[in-house]
Structure formats: structure tokens, C-alpha cells
Amino acid sequence: MRYSAVSVIREALRGHKGWKPAWRKATPAPSYDVVIIGGGGGGLATAYYLAKNHNVGRIAVLEKGWLGNGNIGRNTTIIRSNYGLPGNTPFYELSMKLWEGLEQDINYNAMVSQRGVFNIYHSDPQRDAYARRGNTMRLHGVDAELLDREQLRREIPFLDYDNARFPVQGALVQRRGGTVRHDAVAWGYARAASDRGVDIIENCEVTGIIQENGVVMGVETTRGRIGARKLGIAVAGSSSLLANMAGFRLPIESHVLQAFVSEGLKPLIDNVITFGAGHFYISQSDKGGLVFGGDIDGYNSYAARGNLPTVEDVCEGGVALMPMIGRARLLRSWGGIMDMTMDGSPIIDFSPVKNLFINAGWCYGGFKAVPAMGYCFAHLIANEAPHKVAAAYRLDRFAEGKLIDEKGVGAQPNLH
Ligand SMILES: Cc1cc2nc3c(=O)[nH]c(=O)nc-3n(C[C@H](O)[C@H](O)[C@H](O)COP(=O)(O)OP(=O)(O)OC[C@H]3O[C@@H](n4cnc5c(N)ncnc54)[C@H](O)[C@@H]3O)c2cc1C
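The name recorded for the protein in an unreviewed UniProt entry is Sarcosine oxidase subunit beta, from Acidocella aromatica. Under the UniProt heading Subcellular location (unreviewed entry), the entry covering the protein gives this text: "Cytoplasm".

The following block contains the structure:
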């Protein structure tokens, strides 16, 4: 069933009785050509692009819970491609281009909103670093603008310009950046993949990886054994656990990251704003809630909920930048499990086990990457060669010292 204005009007006239489930609830077949573990954004996008762009046979996505229970439905929905390092800029720009055509491609309203991302700077050295990043982006054909204080004040008048502990000096802006409704991305990719014949199997936890002589043969799951000619891992915060099942280790630590939403307010913040003197980022949802977040909690954990000191730290960052939000009431907070690599960049690569591929280490920047991570991971699985824009995301870069440390903070997963 195609979604369109006509179908909405038709269903409204019929009392909305004709809508079909968005994806088939498949039961597991004995084996598949490709099995993807993880029904988050990465797993579902991979399955979709495998089915759409590559002739790989039967495909299944195995999800231990329900679609969208993981980070894809927990993030602060920000998309951008304002990266400055060679391995990163073309990859994230591919993702941005895919976001721009996504809703037409998958026939799903994911509320892609290119409302602009403003990274505020507070000192001369930070301005210079942002100018360098903006110039790199422009050299790659990515949009970037450096605003001074008065230009920024005209666009965002409510920041604390006159009495701030960290004076606001200006911003690096990517106007094509913005937000996307996160769970709609999971539902949209699931529906589009299912339409192309992918089996989406929920409540199916992978508990073991079956190998013979170093070659993957399938998986043990809570719904029985499922054979697989090729296997892709896309489980975000559980990446190390799955690698452990396959008998190797990843340079990844799992940490909790929290997000927050305020009570609904009248339209106030019409873009994405990030604080440059602390860790704080904010946008406003269409329902009116201020959606914001900051740092990870700072210790290793598989808990999907956080702690009050981080709540305080994030709120302090927000109030330092825009004191007026101090009067808003916090409605909800939640956490997600981040797979933090040692350089803050992801891994899309072969694994030490033949026919087992890994898509991991997205830290807390993987939502914006969902279309490109799916596109490039599908390319890797189908062609057994990395896609050119993801070729730097190799697992052996940690052993070889070819790190992609966008923030320049070193091997400190809690700082990326
Ligand atoms: C609070 C928060 C804010 C964030 N904000 C942003 C942001 O603004 N912008 C941005 O770009 N990124 C952001 N991120 C990061 C982004 O959400 C993640 O990097 C990205 O969603 C990870 O990829 P995914 O969607 O595939 O992960 P997930 O949705 O977590 O998918 C992994 C899936 O694997 C399943 N799974 C795990 N183990 C197994 C198993 N054994 N068997 C079967 N299935 C299994 C899980 O149940 C889960 O559904 C944020 C994350 C959080 C938590």
C-alpha cells in the first residue's frame, strides 16, 4: 500500500479501516543468504539497501526486542554532516544526501527537517578551529557558514550575549543539518525492506554464533537455530557482546547516554543549537518539547537509564547558554547504550571470522549516519569490498595507529 495524500483522504472517509500493518511479522525460515543481527536504524537500513541495490538472495533481520527499542528510538534526532577529517566528511555527506531523498525513496514521512545546526563558539581559538572545519567542509562541497556575534544575534536573539560566563562569539552553521523523527526512520526502513521481501523477525535474540573452521554458518537464537551464508552485526551498544560470541574482541566500551525532554512549549527554538563551552545540544520537537542532551555518564554500563549528576551537568550547560530555559519543567529523561570506540569513529568492516561483518562503534553520533551506514554496510556484505566513502572505518586502524579522532581527545572513549 503506497502512502500519499490521496490514501490519507481515502482512509479518513472510510474510518481508517483500510490501513495495513507497516511490515510483515515474519517467522524465521531455517536459513537465509544474509542475516542481519539488530533491528535498529543500522540493521534495518542495511537490509533495505541490500534488498534494493544488491542481488543477495533471502535476507532476514533478527531483533531481540521490538523494532525501535534501542538507540534508534532514544536519540536526540540530530542530523548533520559537519565533519572535518578526511575519513569522515564524504561519509557523513553521503548520509545527508540520502536523508534528503529518504522520504520519497522509502515512501514514508520521517519528518526530515533541515532547520539548520548552529555550533556556538566562545573563544578565538575555537572560532579558528570552526573556521578550519567549515573550510574543509566547503572544499568537499558541504555547506558551511561562519557567523560572527552580531550575525548570530540576529538569527538567535535569546542566547546570553551580555552576561555569559563563556561569552558567545559566533557560530559555525550547517543549514542543511537538522532533525528527523527517529522512530519513524526505523518504521520507514522496516516497511520498505519488508515490501522488498526482507523477513523482519522481532523477539528473536541471538545467543550464539555458529562457525565451522573459522567460517560463519548461522546463529543460535531464542527462536531456534537459523542458518546464514553471510552474517552482519549491527547491534550498537551490544557490539562487544556479539563479538564475544564470535570469539574476538572489539576496541569498544559500552556507556550510557541520557536524553531529556521538557514540557510542551510554544515554538521557541527553530533550529539545532550546540554549546561550545560544555556539552549541550538542543532542538524543539513538533509537539513543543525541548529535546536536549549532553555527555555520557562517564562509566561503563549496559543500563539504559542514567544518573542525576549528569542531569545536573546537562541542565547547567543549557542554562549557561540560554538562561530562559531555566523556567521550563523537565518532563522525561531516558538512556541508551553507546558503543564508544577509542577514537570516536565507527567500524564498518570484515571481522576475523569469514563471512561475518561488523557495523559498530557509532558512539553517540550514529543516528545521522543511519542511511550511509546501511548503504555502505550493504555494499560491504554484498561485494566483499568496502564502499569508498567508508573505507577508513577499518577494525585494524587501532592496531595500525590510523585513528580518526575528530575531536582530538585521544583514546578516551568517555570524551568523544
Ligand atoms: C540519548 C541518545 C542521544 C543520541 N543523539 C544522537 C543524535 O542526536 N544524533 C546522532 O547522530 N546520534 C545520536 N545518538 C546515537 C544513535 O542513536 C546511535 O549511534 C544509533 O542509533 C546506533 O545505531 P542503531 O540505530 O542501529 O542502534 P539500535 O537502535 O540500538 O539498534 C541495535 C539493535 O540491536 C538489538 N540487539 C542487541 N543485541 C541483540 C541480540 N543479541 N540479538 C538480536 N538483536 C540484538 C537491540 O535490541 C537494538 O534494537 C544518540 C543516542 C542516544 C542513546
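**Concerning the site of the ligand**
The environment of the ligand is made up of 38 residues, and the closest members are Gly40, Gly42, Gly70, Gly336 and Gly366. When its residues are assigned to classes, the shell around the ligand shows 13 nonpolar, 20 polar and five charged. Built from parts of two domains, the shell around the ligand gets at least three residues from each of domain 1 (19-78 + 182-251 + 343-415) and domain 2 (113-178 + 253-341).

**Things to note about the domain arrangement of the protein**
Each assigned domain of the protein is listed here: domain 1 (19-78 + 182-251 + 343-415) and domain 2 (113-178 + 253-341). The interface of domain 1 with domain 2 comprises 24 residues on the first partner and 21 residues on the second. Within the side of domain 1 that touches domain 2, the residues separate by chemical class into 10 nonpolar, 12 polar and two charged.

**Focus: the packing of helix H2 (residues 41-53) against helix H6 (residues 182-195)**
One can describe the packing of H2 onto H6 by two numbers: an axis separation of 9 Å at closest approach and a directional angle of 30°. When the axis of H2 is compared with that of H6, the two are roughly parallel. Judged by the twist between their axes, the crossing of H2 over H6 is left-handed. Residue-level inspection shows Gly41, Leu44, Ala45, Ala47, Tyr48 and Ala51 of H2 in contact with H6, the latter providing Val185, Ala186, Tyr189, Ala190, Ala192 and Ala193. Across the contact of H2 with H6, the residue classes tally to 11 nonpolar, one polar and no charged.

**A closer look at the sheet that holds strand E15 (residues 289-300)**
The mixed open sheet is built from eight strands, whose spatial order is E5-E6-E4-E13-E14-E15-E12-E16. Strands at the two margins of the open sheet, each flanked by one partner only, are strand E5 (145-148) and strand E16 (330-341). With strand direction ignored, the average angle separating the axes of adjacent strands in the sheet is 25°. Taken together, the two bridges between strand E13 (residues 272-274) and strand E14 (residues 281-284) define a ladder with antiparallel strand orientation. Bridging from a neighbouring strand, Thr274 pairs with Tyr281 of E14.

**Quick notes on the pairing of strand E11 (residues 224-233)**
Where a strand is regular, its side chains alternate between the two sheet faces. As paired elements, strand E1 (residues 31-37) and E11 share six bridges and run parallel to each other. Looking across to E11, one finds that Ile37 is bridged to Ile233. When strand E10 (residues 215-221) meets E11, the two strands line up antiparallel, connected through four bridges. Considered in E11, the bridge of Gly218 is made with Gly227. Between the end of E10 and the start of E11, which pair antiparallel, lie two residues. In terms of strand pairing, E11 meets strand E18 (residues 356-360) through three bridges, oriented parallel. Residue Gly232 lies in a different strand from E18, and its bridge partner there is Phe357.

**Quick word on the nonpolar core**
The biggest cluster of nonpolar side chains holds 119 residues, and the ones touching the most others in it are Val35, Ile37, Ala47, Tyr189 and Ala193. No other element matches helix H9 (residues 370-383), which puts nine residues into this core. Taken domain by domain, the makeup of this core includes at least three residues from each of domain 1 (19-78 + 182-251 + 343-415) and domain 2 (113-178 + 253-341). Once residues within four sequence positions are removed from consideration, Val35 is found in contact with Ala60, Leu62, Val219, Ile226, Ala228 and Leu231.

**Considering helix H4 (residues 124-139)**
Under the 1.5 Å per step criterion, the end-to-end length of H4 is 22 Å for 16 residues, consistent within 8% with the ideal 22 Å. Taken as a whole, H4 has its buried residues at Tyr130, Arg133, Gly134 and Met137. The buried residues of H4 occupy one face: seen down the axis, they fall within an arc of 100°. Structural note: H4 exposes Asp124, Pro125, Asp128, Arg132 and Leu139 on the side pointing more than 90 degrees away from its buried face.

**Regarding the packing of H2 against H9**
For the pair H2 and H9, interaxial distance at closest approach is 7 Å and the crossing angle is 55°. Our classification of the angle between H2 and H9 gives oblique. In the packing of H2 onto H9, the handedness of the crossing is right-handed. Between H2 and H9, the residues in contact are Gly41, Gly42, Ala45, Thr46, Tyr48, Tyr49, Leu50 and Asn53 and Val370, Pro371, Met373, Gly374, Tyr375, Phe377, Ala378, Ile381 and Ala382, respectively. Here the contact of H2 with H9 is composed, by residue class, of 12 nonpolar, five polar and no charged.

**Side note on unusual backbone geometry**
Backbone geometry places Asn203, a non-glycine residue, at a positive phi of 50°. One can find Asn203 in the loop between strand E8 (199-201) and strand E9 (206-212). Note on Asn203: 13 C-beta atoms within 10 Å, which makes it partly exposed. With phi around 70°, Asn355 is a residue other than glycine that occupies positive phi space. Tracing the chain through its elements places Asn355 in the loop between strand E17 (347-350) and E18. On the neighbour-count criterion, Asn355 (19 C-beta atoms within 10 Å) is partly exposed.

Criteria and thresholds
- Residues numbered from 1 in each chain as written.
- Predicted model: local features only at pLDDT ≥ 70, side-chain atom pairs only at ≥ 80, totals over all residues.
- UniProt positions renumbered as here; feature names shortened; annotations may be inferred.
- Near = placed C-beta within 6 Å.
- Nonpolar A, V, L, I, M, F, W, Y, C, P; charged D, E, K, R; others polar.
- Domains from an automatic or database assignment.
- Contact = placed C-beta atoms within 7 Å.
- Axes fitted to C-alpha atoms, helices over the stretch in contact; angles between N-to-C directions.
- Helix = DSSP H or I, 4+ residues; strand = E, 2+ residues; numbered from the N terminus.
- Parallel < 35°, antiparallel > 145°, perpendicular 65-115°, else oblique.
- Left-handed = near helix turned anticlockwise from the far one by under 90°.
- Pairing = 2+ DSSP bridges.
- Core = buried A, V, L, I, M, F, W, Y, C linked by C-beta atoms within 7 Å.
- Buried ≥ 20, exposed ≤ 12 C-beta atoms within 10 Å, placed from the backbone.
- Expected span 1.5 Å × (residues − 1).
- Arc of directions from axis to C-beta.

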